[in-house]
Amino acid sequence: MFRTALRNVLAHKARLLMTVLAVLLGVAFVSGTLVFTSTISDAYQHSSQKGYGDVDVAVEPDRTAGPADEPGAPDRLSQDLLEKTAAVPGAARVTGDVSGFAAVAGKDGKLLGDGFSSQGHNYYPGKDGKDSRYPMRDGRAPQKAGEVALDAKTADRAGFRVGDTVRLSVDGPVRKEKLTGVFTTDDGNTMAGGSLTLFDTATAQKLYAAPGRFDEIYVKAAPGTSQAQLKDRIDAMLPANTAKTTTGQQLADDQAKMIADGMSSMRTSLLVFAGIALFVGIFIIANTFTMLVAQRTKELALLRAVGASRRQVTRSVLIEAFVVGAVAAVAGLAAGIGIGAGLRSLMGATGQSIPDGPLVVSPGTVLVSLVVGIVVTVLAAWLPGRRAAKIPPVAAMNSVHATATTKSLVVRNTLGALVAAAGAALVLLATGMGDGGKAPMGAGAALLLIGVFILTPLLSRPLIAAVAPVLRVFGVSGKLARQNAVRNPRRTATTASALMIGLTLITGLTVIAGSVQKGIDKMATDSLKADYVVSMVNKSPLSPDVAKKIAGDPEVTASSPLRNSPSRVGGEIEYLTGVDGASIAELTSLDFTKGSFAGLAGDKAVVDSDTAKERGWHLGSRTKVTYEDGSRGTLTVSGIYRGNEMMRGILLDTGTLTPHVKDAADMQVMVKTAGGTSDAAKDALQKTLGDNPAVAVQDKQDVSDGIAQQINLLLNVLYGLLAMAVIVAVLGVVNTLAMSVFERSQEIGMLRAIGLDRRGIKRMVRLESLVISLFGGVLGIGLGVFFGWAGGRLIADSMGTYEMVLPWGRMALFLALAALVGVAAALWPARRAARLNMLAAIKAE
């Protein structure tokens, strides 16, 4: 039986080609994901370890008693503590570090690199006048205010040379600094395309902390002193509840774990889509082996007649599947390694630099790829093999095609109806469960998808019959195409289901994305009266000077910052938001259920309805508050409004809040101008802020467009990942048609003999493919809309402005894509059918 199985694989190489390709693509997706993420993770981990090479012990503020921004939390580390740390026995070198955001503008005035990874640090020279973290390649280190050094990658990318003037921004206002040096670094953010700017220590402290204060202190151990020994000595010196220590090895391990966790999330997301592609591939494998078994029914019956048991027949089919899976898995692994290497090169070509490192192909990647390819193929072939073994030898030798019995169809349809009904009921139930409905909805969606798949043979007849009038236009070819499509409903259903799954996910995601965008547009329109919103490009805090400059612009009629500060309200940590009480009503359109912004000053505050409900507040309620500086006060609720994604929480006047804020900073500034929104008004505001590339001036449409761009980018990425499932589905259609043509060779020969020309044969196969693909497309789009509606109900619970939008244009495009898939998939099978030798086909069994 083993030799028989191998002979069958070699005898049907062409028919198994599409199955091999389907498994190959899925395995390549899996192995490529594992290779790529392992390579990136390994590169960043090695880079991180280099970054901590000169750090044996790190000292940082002790915030174990509460969050870093909780009122009364330990402040930054002092110069006195640094000097005491330097005096600890075994400490060879001590470095004080202070850091923050620093956006650098290129010579063209545009922001360099990704704003979220643009960092500024201090240069802390040791006794030799050098900071070992940042070796200078050109020039010298910054020594006073007005001087900076840039990392080599940023300087080379922008064309900066020592002596040039560099425009940069830390918290809003533009700074013009002289470039005194260019340095090299292994910093991961810089290697990933960000920028790193160095200031002298005094300037960095003024910008990011306070004079004489540091974020962290790094200590290098003297020869003969271990990290653990040095840590213990520093711990003994530190005052209680002020600072804590960590060894350099622990820092490197923590950084490596953080990188690994980040890569794990990416890996999981990619593997989900690889799983979808493999799941679609299961349909092709099952279809292929079902058709192969059907075509070899007499051969298998003969084996049974000469003594082969049912188990041996099933085993022979599984051996074939094992061989096919092994070949596809090995080829897929090789392709995946190439994909991993290609993705790394692509990142470098697009400017997304990553640290240097080898391509990582772990034993786990090899093992997972082989197991996935073989197991998926064998599992998919098990049911056809079992079905083949159950056919009685006499019945099989009398009929090449054993049709499904009425009983089996009734059982299948009943089971499908029950599963689909259970899935739909669970999805509908989940829509009313809020955040707790995510898991039930996922389970319900899976059940509904499985139920519809089971029911597709039943659904195929009425849906395909609906297009019969259109097919009649094509004469005999159209009529034959319709009959061929419904001749074997199970085969048609399996082929169409592969395409259905991909289009279901694509349509559902598109519906949700369009509806979220509509909700965001409505939110921006309904909640904002301001003409412009000013913020940092990376959403870091703005200097209060920005709000002052804007307020001083003669074209500005009203403006208000949003100034956040941590506090304790009623014994719990709560953020307070400071606004201009006199102007805020002109800048927002919040829906108040009680009270208003009127008279927002002194101890008055307005709160969102969720916070009021949670704390049991009502109009006139008074509550005690502990501000950021530790001082105490009382707030009186003067208004309750419906919160949204743009504004929620406790709002009070900046005149009340600012005196208690240690380092005042604004998340954004809302602006209303005399002439409303216009290009001229926007340009004037940008000039008021010094044409600063790190500061974004956005009107309501810009805010909406920015979010829409992010949504579209995410959607396009998801489309790209789901494209693999669609490609596998196309292979399924090609495979089914090609094997169907082989199976119907005699029938095609007879049609040619009675007058149907080659063009008519081609048209028949193409129309059959088109009908099957459109059937899958209609089911997929229909299910996608339902899932999009259901998912939207969960989103609507947390987003009051959510409004379902049906993307008719895109859905029409998806249906056209399904039709294109049908036409393209039929090209080779149709050509093959038309070229069959008429007499040889008639004589074929």
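Look a little higher up for the structure.
Residue indices follow the written sequence of each chain, beginning from 1 at its first position. It should be noted that, the model being predicted, local features are given only for residues of pLDDT at least 70 and side-chain atom pairs only at 80 or more, the latter also being counted only at that level, while totals for whole chains, interfaces and linings use all residues. Excluded from the side-chain calculations are hydrogens and water; all other atoms, namely the structure's heavy atoms, are used.

Undergrad: Quick rundown of the overall build of the protein? Include the residues and the values.
TA: For the protein, the helix and strand inventory stands at 28 helices and 24 strands. A burial count over the protein gives 49% of its 845 residues as buried. In the protein, the share of contacts with a sequence separation of at least 24, taken over all contacts with a separation of at least 6, comes to 81%. A total of about 37,900 Å² of accessible surface is found on the protein, and carbon and sulfur atoms cover 59% of it. Numbering of helices and strands runs from the N terminus, with a helix taken as a DSSP run of H or I at least four residues long and a strand as a DSSP run of E at least two residues long. Three exposure classes are used, based on accessible area relative to the maximum for each residue type with a 1.4 Å probe and protein chains only: buried under 20%, partly exposed in between, and exposed over 50%. Contact definition: two residues touch when any of their heavy atoms are within 4.5 Å. Computed with the Shrake-Rupley method and a 1.4 Å probe, the accessible areas treat only the protein chains shown as cover for residues.

Undergrad: So what's going on with the pairing of strand S20 (residues 622-626)? Which residues, and what values?
TA: Here, strands pair whenever DSSP counts at least two bridges between them. In terms of strand pairing, strand S16 (residues 556-569) meets S20 through two bridges, oriented antiparallel. Within the sheet, the bridge partner assigned to Arg568 lies in S20 and is Thr626. In terms of strand pairing, S20 meets strand S21 (residues 632-641) through five bridges, oriented antiparallel. When the bridges of S21 are listed, Arg622 appears paired with Thr636. Adjacent in sequence and paired antiparallel, S20 and S21 are bridged by five residues, among which Gly630 carries a positive phi angle near 95°.

Undergrad: Report on the packing of helix H25 (residues 758-798) against helix H26 (residues 808-825), specifying residues and quantitative values.
TA: Here H25 crosses H26 at 150°, and the two axes come no closer than 8 Å. When the axis of H25 is compared with that of H26, the two are roughly antiparallel. For the pair H25 and H26, the crossing hand works out as right-handed. For the pair formed by H25 and H26, the contact residues are Ser769, Leu770, Ser773, Leu774, Gly777, Val778, Ile781 and Val785 on the first element and Met811, Phe814, Leu815, Ala818, Ala819, Val821, Gly822, Val823 and Ala825 on the second. Classification convention: Asp, Glu, Lys, Arg as charged; Ala, Val, Leu, Ile, Met, Phe, Trp, Tyr, Cys, Pro as nonpolar; all other residues, Gly among them, as polar. For the contact of H25 with H26, the residue count by class is 13 nonpolar, four polar and no charged. Simply put, an axis is a line fit to the C-alpha atoms, just over the touching stretch for a helix, and the angle between two N-to-C directions goes from 0 to 180 degrees. Oblique is the label for every angle not falling under 35 degrees (roughly parallel), over 145 degrees (roughly antiparallel), or within 65 to 115 degrees (roughly perpendicular). Crossing chirality is assigned from the near helix's rotation relative to the far helix, an anticlockwise turn below a right angle marking it left-handed and a clockwise turn marking it right-handed.

Undergrad: How would you summarise the packing of aromatic side chains if you had to cite specific residues and measurements?
TA: Two rings from Phe, Tyr or Trp (for Trp, the six-membered ring) form a pair when their centres are within 6.5 Å of each other. A pair whose planes differ by under 30 degrees is stacked, one over 60 is edge-to-face, and the rest are tilted. Enumeration according to the criterion identifies eight aromatic pairs in this entry. In textbook terms, an aromatic cluster arises when at least three aromatic residues are bridged by ring pairs, as seen for Phe592, Phe597 and Tyr641. Think of it as a cone above the ring: NZ of Lys or CZ of Arg counts as a charge over the ring if it is within 6 Å of the ring centre and within 35 degrees of the ring normal. Arg412 extends its terminal NZ or CZ atom over the ring of Phe453, reaching a point 5.8 Å from the ring centre.

Undergrad: An account of the pairing of strand S23 (residues 668-673) is needed here, citing residue identities and associated values.
TA: Judged from the three bridges that link them, strand S15 (residues 532-536) and S23 form a sheet pairing that is antiparallel. Pairing of Tyr532 across the sheet is with Val671, part of S23. Alignment of S16 against S23, held across six bridges, turns out to be antiparallel. Note that in S23 the partner of Leu562 across the bridge is Gln668.

Undergrad: Hey, could you go over the side chain of Ser515 for me, with residue numbers and the actual values?
TA: With respect to the helices and strands, Ser515 occurs in helix H17 (residues 489-527). Relative accessible area serves as the criterion here: at 0%, Ser515 is assigned to the buried category.

Undergrad: I'd love a proper account of the pattern of salt bridges, names of residues and values included.
TA: The rule for a salt bridge is simple: a side-chain nitrogen of Lys or Arg has to be within 4 Å of a carboxyl oxygen of Asp or Glu. Applying the stated criterion across every chain yields a total of 18 salt bridges. Between Asp80 and Lys84 there is a salt bridge, with its nearest N and O atoms 3.5 Å apart. One end of the pair, Asp80, and the other, Lys84, are both in helix H3 (residues 79-86), four residues apart, so they sit about a helical turn from each other. Between Asp138 and Arg137 there is a salt bridge, with its nearest N and O atoms 3.1 Å apart. The class for Asp138 is partly exposed, based on a relative accessible area of 29%. Connected through shared salt-bridge partners, Asp97, Asp131 and Arg133 make up one network.

Undergrad: Could you give me a rundown of the environment of Gly451, with the residues and numbers involved?
TA: Along the chain, the position of Gly451 falls in helix H14 (residues 438-466). Once the C-alpha coordinates of Gly451 and Leu418 are considered, the two residues, 33 residues apart in sequence, prove to be 7.5 Å apart. Discounting residues that sit within four places of it in the chain, Gly451 has contacts with Gly416, Val419 and Ala420.

Undergrad: Run through unusual backbone geometry, naming residues and quoting values.
TA: The backbone of Asp691 sits at a positive phi, close to 50°, despite the residue not being glycine. Its location among the elements puts Asp691 in the loop between helix H22 (679-688) and strand S24 (695-698). Taking relative accessible area as the criterion, Asp691 reaches 45% and is therefore assigned partly exposed.

Undergrad: Tell me what's going on with the packing of H14 against helix H16 (residues 475-487), and back it up with residues and numbers.
TA: Orientation of H14 relative to H16, taken along the N-to-C sense of each, is 170°, at an axis distance of 10 Å. Classified by the angle between their axes, H14 and H16 sit roughly antiparallel to one another. Of the residues in H16, those touching H14 at Ser460, Arg461 and Ile464 are Arg482, Ala485 and Val486. In the contact of H14 with H16, the residues fall into three nonpolar, one polar and two charged.

Undergrad: Can you tell me about H3, naming the residues and giving the values?
TA: Taken as a whole, H3 has its buried residues at Leu81, Leu82 and Thr85. Buried positions in H3, seen along its axis, are confined to an arc of 105° and lie on one side of it. Looking at the buried side of H3, the elements it contacts are strand S2 (77-78), strand S3 (91-97), strand S12 (213-214), strand S13 (216-221), helix H7 (227-237) and strand S14 (243-247). Of all possible arcs, the one meant is that of the directions from the helix axis to the C-beta atoms.

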